[in-house]
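Understanding the architecture of this molecule
Listed here are the chains, written in short residue letters.
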Amino acid sequence: MPEHQKTIDERLMRSAIDEALAALEEDEVPVGAVVVQEGRIIGRGHNQRERLQDPTAHAEMIALTAAASHLQSWRLEGCTMYVTLEPCTMCAGAMVLGRLERLVYGATDPKAGACASLYSIPQDSRLNHRVETISGVLEKECADLLQDFFARQRAQGKK
C-alpha cells in the first residue's frame with residue numbers, strides 16, 4: 001500500500017476510534033465505524049445494541065444506514081468503511097449488498113469475524129460483488145479498547 005494511502009487510512013481510522021470511544025461512554029462494546037466518500041465522512045456509527053435493545057444496532061449497520069441516507073441511495077459505490085473491529089457476517093453481508101467499494105478494519109475478531117477470521121464474505125466469488133478489504137490499520141489501538149472494556153466488564157461481574 002502506498003505511504004500516502006496508509007496515512008489517509010490511519011487518519012480516518014482515528015475517526016472510527018472516536019466513534020468507538022462514544023460507544024464506550026455509553027457502556028456499549030467499543031466498536032466504531034465511519035463511511036467515507038471522496039475523503040469526506042458521510043456516515044458514522046457506534047455500537048448501540050444495549051441502548052436500542054436491537055441486535056442489528058452494530059456500528060457498521062448504523063454507519064451504512066447514515067451513508068445511504070446521505071446519498072439517498074442504497075448503493076454505496078465509491079465508498080470506504082473504516083471500522084475498529086473485523087465485521088461479523090451480518091455487517092459484511094450488508095457491505096456486499098450495499099456495493100461498498102472498500103473496507104478498512106483495525107482488530108481481527110477470531111470469534112465472529114467474517115472478513116478473514118472465520119469467513120471471507122467481502123471476497124466470496126459466489127456473491128455478486130466484492131469489497132476490497134484491508135486489515136490491521138491501527139490494530140493495537142483498536143484491540144486495546146476492546147480488551148480493556150471486557151476486562152473491566154469481567155472485573156465488575158457484568159460480562
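As a starting point, this report considers the structure included with it. (Residues numbered from 1 in each chain as written. Predicted model: local features only at pLDDT ≥ 70, side-chain atom pairs only at ≥ 80, totals over all residues. Heavy atoms only, no water.)

A full pass over the atoms with the stated rule returns seven salt bridges. For arginine 14, the salt bridge is made with glutamate 141, and the minimal N-O distance between the two is 2.8 Å. With arginine 14 in helix H1 (residues 3–25) and glutamate 141 in helix H5 (residues 139–155), this pair connects stretches of sequence that are 127 residues apart. The partly exposed category is assigned to arginine 14, whose relative accessible area is 41%. Between glutamate 26 and arginine 51 there is a salt bridge, with its nearest N and O atoms 3.9 Å apart. On the criterion of sequence distance, the pair formed by glutamate 26 in the loop between H1 and strand E1 (32–37) and arginine 51 in helix H2 (residues 49–52) is long-range, its members being 25 residues apart. The class for glutamate 26 is partly exposed, based on a relative accessible area of 37%. The class for arginine 51 is exposed, based on a relative accessible area of 55%. Taken together, the shared-partner salt bridges connect Asp9, Arg102 and Glu132 into one network. (Salt bridge = Lys/Arg side-chain N within 4 Å of Asp/Glu carboxyl O. Helix = DSSP H or I, 4+ residues; strand = E, 2+ residues; numbered from the N terminus. Buried < 20%, exposed > 50% of the residue type's maximum accessible area, 1.4 Å probe, protein only.)

A separate point is the side chain of serine 15. Assignment of secondary structure puts serine 15 in helix H1. Excluding anything up to four places from it in sequence, serine 15 contacts Val34, Ile41 and Arg44. (Contact = heavy atoms within 4.5 Å.)

With the exception of glycine, most residues fall at negative phi, and the peptide bonds are largely trans. Of note, glutamate 38 is a non-glycine position whose phi angle comes to about 50 degrees, a positive value. Mapped onto the fold, glutamate 38 is located in the loop between E1 and strand E2 (40–46).

The next subject is helix H3 (residues 59–71). Across its 13 residues, H3 extends 18 Å between first and last C-alpha, which sits within 8% of the 18 Å expected from 1.5 Å per residue. Regarding H3, the residues found buried are Ala59, Glu60, Ala63, Leu64 and Ala67. Buried positions in H3, seen along its axis, are confined to an arc of 125 degrees and lie on one side of it. Set apart from the buried face of H3 by more than 90 degrees, the exposed residues are Thr65 and Ser69. Residues of H3 that are buried sit in contact with E1, E2, strand E3 (79–85) and helix H4 (89–97). At the exit of H3 stands glutamine 72, carrying a positive phi of roughly 55 degrees. (Expected span 1.5 Å × (residues − 1). Arc of directions from axis to C-beta.)

What follows is about the pairing of E2. The pairing of E1 with E2 spans six bridges and is antiparallel. Pairing of valine 34 across the sheet is with arginine 44, part of E2. Between E1 and E2, which pair antiparallel and follow one another directly, the connecting turn spans two residues, one of which, glutamate 38, has a positive phi of 50 degrees. (Pairing = 2+ DSSP bridges.)

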